[in-house]
Amino acid sequence: MKCAITGALSYSGRYLAASLLSKGHDVVNLSRRGVPIAPEPLTAPQARALGTHRVRLDFNDVDAMARSLEGCDVLFSTYWVRFADRGASPHSIAAANCARLWEAAKRAGVQKIVMASHTRTSVDSPFPYIAGKAQAEAALRDSGVNYAIVRPCGIFGDTAAESILMNNAAWVLRRSPLFLLAGDGSHRFQPVHVRDIAALMEELGTSLETSGEELDACGPDSPTSLELFTKLRDASGGMARIA
């Protein structure tokens, strides 16, 4: 099977790529950046191969993206933007970029698209990150291509570098006298390990005959935000008051 991954050397993308390559699948690395992060769990030869087989992802050129996807059976999309800039919301721009990518996949004859999204997506969400994800999902449903959507509630890994949210929160908890929570601290988190996300995306993507799967991907633990950040503070040696 020939697969394309947006950012096969990125955080979750490289776990997915490592598994697919180990099973003999061909992988095309669609990326806007040429400099990879640390290759684990990829082997050095796998990382070099993905660097060699990198195709520049240009959302402004649907025809070029379609050519890059020719011959691919499945497209795995882990693409998104994390932070908003001034002016136009990049999350809405990211949603439009996804719609162009779905169109390119359709033109190329891709049989299935698997998208990494987020739990509780809604176009009416007050959070641009979540609303943008919902817009991208809607475009995928309307694309005419078989699809699956995986919705994690936060992703963590084995190292601090792979647990950016938790690592950043621990930094604040160690250095600030006060850590403010949204709401009353009772809403729950169910973060999932990056390997589990990759495994779920691979399972859905290699089942080409199915379509329309939309799955929440949540871990087994569901602490409240107060419980989570209290444990994180204590583990990191912080003294912050959590309110």
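Reading the values: the criteria
- Residues numbered from 1 in each chain as written.
- Predicted model: local features only at pLDDT ≥ 70, side-chain atom pairs only at ≥ 80, totals over all residues.
- Heavy atoms only, no water.
- Helix = DSSP H or I, 4+ residues; strand = E, 2+ residues; numbered from the N terminus.
- Buried < 20%, exposed > 50% of the residue type's maximum accessible area, 1.4 Å probe, protein only.
- Salt bridge = Lys/Arg side-chain N within 4 Å of Asp/Glu carboxyl O.
- 1 Å grid on protein atoms, 1.4 Å probe; cavity = no way out; pocket = protein on both sides within 12 Å on 5 of 7 lines; lining within 4 Å.
- Points joined across faces, edges and corners; volume = space filled by probe spheres on them.
- Nonpolar A, V, L, I, M, F, W, Y, C, P; charged D, E, K, R; others polar.
- Pairing = 2+ DSSP bridges.
- Axes fitted to C-alpha atoms, helices over the stretch in contact; angles between N-to-C directions.
- Parallel < 35°, antiparallel > 145°, perpendicular 65-115°, else oblique.
- Left-handed = near helix turned anticlockwise from the far one by under 90°.
- Contact = heavy atoms within 4.5 Å.

**Comments concerning the environment of Asp 196**
Step number 1: Tracing the sequence through the fold places Asp 196 in helix α7 (residues 194-205).
Step number 2: Relative accessible area serves as the criterion here: at 48%, Asp 196 is assigned to the partly exposed category.
Step number 3: Here the alpha-carbon distance between Asp 196 and Tyr 15, two residues 181 residues apart in the chain, equals 9.4 Å.

**Observations regarding the pattern of salt bridges**
Step number 1: Per the stated rule, a full pass over the model turns up 10 salt bridges.
Step number 2: The shortest N-O distance in the salt bridge between Arg 107 and Glu 103 comes to 3.1 Å. Of this pair, Arg 107 and Glu 103 both sit in helix α4 (residues 90-108), four residues apart, which is roughly one turn of the helix.
Step number 3: The class of Glu 103 is partly exposed, set by a relative accessible area of 34%.
Step number 4: With a closest N to O distance of 3.0 Å, Arg 141 and Glu 137 form a salt bridge. Note that Arg 141 and Glu 137 are positioned in helix α5 (residues 128-141) at a spacing of four residues, about one turn of the helix.
Step number 5: We classify Arg 141 as partly exposed; its relative accessible area is 36%.
Step number 6: Overall, Glu 137 belongs to the buried group, its relative accessible area being 1%.
Step number 7: A cluster of three or more residues bridged by salt bridges with shared partners is formed by Glu 137, Arg 141, Arg 151 and Glu 214.

**Brief notes about the layout of surface pockets**
Over the atoms, a rolled probe matching the size of one water molecule traces out where space is still vacant.
Step number 1: Of the voids in this model, the second largest pocket is the one considered here, and its volume is about 230 Å³.
Step number 2: Along the wall of the second largest pocket there are 12 residues; nearest its centre are Phe 156, Met 166, Pro 191, Val 192 and Asp 221.
Step number 3: For the lining of the second largest pocket, the class distribution of residues is seven nonpolar, three polar and two charged.

**So, the pairing of strand β5 (residues 112-116)**
Step number 1: The buried fraction of β5 is high, at five of five residues.
Step number 2: Covered by surrounding structure in β5 are Lys 112, Val 114 and Ala 116 together with Ile 113 and Met 115, the residues of both alternating faces.
Step number 3: Strand direction decides the pairing type here: strand β4 (residues 74-77) and β5, joined by four bridges, are parallel. Looking across to β5, one finds that Val 74 is bridged to Lys 112.
Step number 4: Of the strand pairs in this sheet, β5 and strand β6 (residues 146-152) are connected by five bridges, and their pairing is parallel.

**Concerning the packing of α4 against α5**
Step number 1: Across the interface, α4 lies against α5 with an axial gap of 8 Å and an inter-helix angle of 15°. Considered as vectors, α4 and α5 are oriented roughly parallel to each other. The element α4 and its partner α5 pack so that their crossing is right-handed. Note on element contacts: α5 touches α4 through Pro 128, Tyr 129, Gly 132, Gln 135, Ala 136, Ala 139 and Leu 140, opposite His 91, Ser 92, Ala 95, Cys 98, Ala 99 and Trp 102.
Step number 2: Here the residues of the contact of α4 with α5 sort into nine nonpolar, four polar and no charged.

**Quick look at the sheet that holds β5**
Step number 1: Across the sheet, seven strands lie side by side as β3-β2-β1-β4-β5-β6-β10; this open sheet has parallel pairing. A single partner strand is all that each edge strand has here, and the edge strands are β3 (54-56) and β10 (213-217). Each strand axis lies, on average, 20° off the axis of its neighbour in the sheet, ignoring direction.
Step number 2: Relative to strand β2 (residues 26-31), helix α3 (residues 62-69) is tilted by about 160°, and along the sheet it contacts β1 (2-6), β2, β3 and β4.

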